[in-house]
Amino acid sequence: MNKSSMAQGDEGEERWHHGINPSFQEADFFIFGKLINNMQKKRVLSGIRATGRLHLGNYLGAVKGMLALQNDPDYETYYMVADLHSINTPYEPKELAKQTREVILDYLAAGIDPQKSTIFIQSQISEHVELSYLFSTVISVARTFHLPTYKEKVKLQPENVNMALLYYPILMAADILIYKANAVPVGDDQLPHLEIAREVTRKMNSKYGLDFPEPEQFKTKGHKIPSLLGEGKMSKSVEGSYINLTDDLKTIKEKLAKVPTDEGKGDKVPTRGGVATLLSLVDLFEGEKRKEEYEKAYLNSGIHYKDLKEKLAEVIHEELVPIQKKRSFFEKDMNKVDRILVEGAEKARKTAKTTLAEVRKAMGIA
Ligand code: AQP
């Protein structure tokens, strides 16, 4: 939807408010315009950095939401691999293209369907970067400096504090708004960045009369998956914190075996640490009832963690097997994967160019 089509309806409305009756045809057009707007699908954008194989946190916090919206006919979905966001932390240039394809394979394996979703690589749509520069004019340096996500990275990698890290939320705002996305399936760790995108929306709309929607998180049940280490979130860059979608049963068992636990009994069920992580995974993979049974056991007879971990590993593995089978199918046909990416880029570029042209015009850039 471009500004002019949106504004036609609003202009009609405005004229009524100002006591200037629009002609019959104009009023007619106003109603018709509203109808068209209502008929238009809502847009969705999400992306994952190409910094390693996907883990359960990415799957439950982001991919599950991406799948739900892809399968909802009210939404038009755009899913990218955020390779440009991957280079704001140390990376291996020779590996980047391969890692980008690994994420694409994980998407396809998990059920992201090129017939339903536009799948593409962020850097192939250079309009994202141009739009982010235009957006950077409405966000102060102090605002991004004080973001918890930025401060966390500075703490983790003090030797690698570059401009791109500071710029991350501005580029993310462009990733989302270039498709005028209403819904963004991401985990809670991305909320501070999403807030910047919402702020950009308000500022660009009020300053330049644009019509960006305020994007909102599409929240899944697994919006915050804790680390296997018992502290912080499950994260690709924290060794020992994650279970990958490609892990076999033996590996999952070994990883769960290392989750720190206690004596299995007490007056209060832990809400932090390894036990809380295990219970949260039980809730997500075996259901709330099973989790409540374990909680009761903790307060009474006690939990046998060895049994809990064995059963949990099996249930997690069961959910991952079909994903792993689908992955090996796509791995054997990388030409097909490349074709999907070419088609996805063409479609994404078309939408991106339209939005960028609108913004350039509104900002007075010829
Ligand atoms: N633990 C998590 N729980 C719920 N959602 C999560 N996500 C990541 N970790 C969890 C969501 O997965 C999507 C992709 O994340 P990303 O790879 O783009 O970057 P990230 O958030 O920084 O993920 P990682 O695994 O922690 O990567 P590294 O270690 O490279 O920084 C996002 O929607 C995110 O919310």
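Conventions we followed
Every residue gets a number counted from 1 within its own chain, in the order that chain's sequence is written. Selection of residues for local features in this predicted model requires a pLDDT of at least 70, selection of side-chain atom pairs for listing and counting requires 80 or more, and totals for whole chains, interfaces and linings are taken over all residues. Under the DSSP-based scheme used, a helix requires at least four consecutive residues in state H or I and a strand at least two consecutive residues in state E, with every element numbered from the N terminus. Put plainly, a residue is buried at 20 or more neighbouring C-beta atoms within 10 Å of its own, exposed at 12 or fewer, and partly exposed in between, counting only other residues' C-beta atoms, which are placed from the backbone. A residue pair is marked as a contact if its C-beta atoms, positioned from the backbone, fall within 7 Å. Nearness is defined per residue: the C-beta atom, placed using the backbone, must lie within 6 Å of the molecule or strand. Charged residues are taken to be Asp, Glu, Lys and Arg, nonpolar residues to be Ala, Val, Leu, Ile, Met, Phe, Trp, Tyr, Cys and Pro, and polar residues to be all remaining types, Gly included. Here, a strand pair is defined by DSSP locating no fewer than two bridges between the strands. Multiplying 1.5 Å by the helix residue count minus one yields the expected span of that helix. To get the bend at any residue, fit one axis to the seven residues that end at it and another to the seven that begin at it, then take the angle between the two axes. The quantity known as pLDDT measures the predictor's confidence residue by residue, on a range of 0 to 100. Each nonpolar core comprises buried Ala, Val, Leu, Ile, Met, Phe, Trp, Tyr and Cys residues, the members being joined through C-beta atoms within 7 Å. Throughout the structure description, domain borders are defined by an automatic or database domain assignment. Note on definitions: angles span 0 to 180 degrees between N-to-C directions of axes, and those axes are lines fitted to C-alpha atoms, for helices only across the stretch in contact. A clockwise turn of the near helix away from the far one marks a right-handed crossing, whereas an anticlockwise turn of less than a right angle marks a left-handed crossing. Angles are sorted into four bins: roughly parallel if under 35 degrees, roughly antiparallel if over 145, roughly perpendicular if 65 to 115, and oblique for all others.

### Section: the overall build of the chain
The secondary structure content of the chain amounts to 15 helices and five strands. Scored against the burial criterion, the 366 residues of the chain give a buried share of 37%. Considering only contacts within the chain whose residues lie at least 6 apart along the sequence, 76% involve residues at least 24 apart.

### Overview of the site of the ligand
Near the ligand, the surroundings consist of 21 residues, among which Gly 57, Gly 61, Val 186, Gly 187 and Ser 237 are the closest. Listing elements by their share of the shell around the ligand, those giving two or more residues are strand S1 (42-49) and helix H3 (56-70). No other element matches the four residues that H3 contributes to the shell around the ligand. Its residues placed into classes, the shell around the ligand shows six nonpolar, ten polar and five charged.

### Notes on the pairing of strand S2 (residues 75-82)
Judged by how many residues are buried, S2 sits mostly within the fold: seven of eight residues are covered. Where S1 meets S2, eight bridges bridge the pair, whose relative direction is parallel. Paired with Leu 45 across the two strands is Tyr 78, which belongs to S2. Direction of pairing for S2 relative to strand S3 (residues 117-121): parallel, over a ladder of five bridges. Residue pairing for S3: Tyr 78 is matched across the bridge by Thr 118.

### Digging into helix H12 (residues 273-286)
Helix length check: H12, at 14 residues, gives a terminal C-alpha distance of 20 Å against a target of 20 Å (1.5 Å per residue), a fit within 8%. All of the buried residues along H12 are Gly 274, Val 275, Thr 277, Leu 278, Leu 279, Leu 281, Val 282, Leu 284 and Phe 285.

### As for the pairing of S3
In terms of residue burial, S3 counts as a mostly covered element, since five of its five residues are buried. The two faces of S3 match: Ser 117, Ile 119 and Ile 121 on one face and Thr 118 and Phe 120 on the other face are all buried.

### Notes on the environment of Ile 104
Note on placement: Ile 104 falls in helix H5 (residues 93-110). Of the residues examined, Ile 104 has 26 C-beta atoms within 10 Å and is grouped as buried. Counting along the chain gives 237 residues from Ile 104 to Leu 341, while the straight-line C-alpha distance between them is 8.8 Å. Setting aside residues no more than four positions away along its own chain, Ile 104 makes contact with Val 81, Ile 119, Val 337 and Leu 341.

### Remarks on H3
Here H3 contains 15 residues, and its C-alpha end-to-end distance of 19 Å stays within 8% of the 21 Å for a straight helix at 1.5 Å per residue. By the largest-angle criterion, Val 63 marks the main kink of H3, which is about 35°. The buried fraction of H3 is high, at 14 of 15 residues.

### A short note on the confidence of the model for the chain
Residues with a pLDDT of 70 or more make up 89% of the chain, whose mean pLDDT is 91. Taken as a whole, residues 1-24 scores under 50 in pLDDT and shows 29 contacts with residues more than four places along the chain or in a different chain.

### Overview of the nonpolar core
Formed by 87 residues in total, the largest nonpolar core has its most connected members in Ala 173, Ile 176 and Leu 312. In terms of residue count, the dominant contributor to this core is helix H9 (residues 163-177) (nine residues). When residues of this core are assigned to domains, at least three map to each of domain 1 (42-224 + 334-362) and domain 2 (249-330).

### Remarks on the packing of H9 against helix H10 (residues 191-208)
At a minimum axis distance of 8 Å, the contact between H9 and H10 shows a crossing angle of 65°. Crossing handedness for the pair H9 and H10: right-handed. For the pair H9 and H10, contact is made by Tyr 168, Pro 169, Met 172, Ala 173, Ile 176 and Leu 177 and by His 193, Ile 196, Ala 197, Val 200 and Thr 201, respectively. Here the residues of the contact of H9 with H10 are counted per class, giving nine nonpolar, two polar and no charged.

### Overview of unusual backbone geometry
Although it is not a glycine, Lys 180 sits at a positive phi angle of roughly 50°. A count of 23 C-beta atoms within 10 Å places Lys 180 in the buried class.

### Brief notes about the packing of helix H6 (residues 127-135) against helix H15 (residues 334-362)
Remark: H6 packs on H15, axes separated minimally by 10 Å, with the N-to-C direction vectors making an angle of 25°. In terms of orientation, H6 and H15 fall into the roughly parallel class. At the point where H6 passes H15, the crossing takes the left-handed sense. Contacts between H6 and H15 involve Glu 127, His 128, Glu 130, Leu 131 and Leu 134 from the first element and Ala 352, Lys 353, Leu 356 and Val 359 from the second.

### Some remarks on the environment of Lys 309
For Lys 309, the location among the structural elements is in helix H14 (residues 305-331). Residue Lys 309 is classed as buried on the basis of its 21 C-beta neighbours within 10 Å. Spatially, the C-alpha atom of Lys 309 lies 7.9 Å from that of Leu 278, the residues being 31 residues apart in sequence. Apart from residues no more than four positions distant in its own chain, Lys 309 is found in contact with Leu 256 and Ala 257.

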